[in-house]
Amino acid sequence: MLEQGDSVPAVALKDADGVDFTLDRYRGKPLVVYFYPKADTPGCTNEAKDFTVLAADYAAAGVRVVGISKDKPAKLKKFAEKYGLTVLLASDEPGAACEAFGTWVEKSLYGRKYMGIERATFLIGADGAILRVWPKVKVKGHAAQVLEAVQAL
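Given the structure is predicted, the values throughout are model-derived calculations rather than measurements.

A. The pairing of strand β7 (residues 112–117), seen in detail. Of the strand pairs in this sheet, strand β6 (residues 104–109) and β7 are connected by six bridges, and their pairing is antiparallel. Bridging across to β7, K107 finds its partner in Y114. Linking β6 to β7, which pair antiparallel, is a turn of two residues; within it Y110 sits at a positive phi near 55°.

Written out as structure tokens, the structure reads:
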């Protein structure tokens, strides 16, 4: 997993409308990027809703929030519409961003091993360097915790 001081990799993503972009489009301002396993599942829904509730506070601090999963853009669009999400949701369907950030990991459920996205959040500085990493995120209170770190910049 990327660590504090590492540079953000240039990886291609798609937004919920299927438009290509890279995280470089936000260079010059701090950015929060969070990885989540799957849209419209309980933990991922709560996390996206929590970031959405605090979106105005993030915007006031000059920070954009981007949530990344391997879901298809169409699924992300339905997810955002269903819950009124205002954070930018990005599709990493091929998995290049997950690999580059180190969030594509072996997981275990009931003794069964499989590959999946580790829930993690990265606070990225205006220069593209990672300022802080939250690995193995627990959803409850996480968006507020990240906001505190953003406001301390």
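B. Spotlight on the sheet that holds strand β2 (residues 20–21). If you walk across this open sheet you meet the seven strands as β2-β1-β5-β4-β3-β8-β9, and the pairing is mixed. The open sheet has two free edges, formed respectively by β2 and β9 (130–134), since each of these has just one partner strand. The pairing of strand β4 (residues 64–69) with strand β5 (residues 88–91) spans four bridges and is parallel. Paired with S69 across the two strands is S91, which belongs to β5.

Rules of the game
Residues numbered from 1 in each chain as written. Predicted model: local features only at pLDDT ≥ 70, side-chain atom pairs only at ≥ 80, totals over all residues. Heavy atoms only, no water. Pairing = 2+ DSSP bridges. Helix = DSSP H or I, 4+ residues; strand = E, 2+ residues; numbered from the N terminus.

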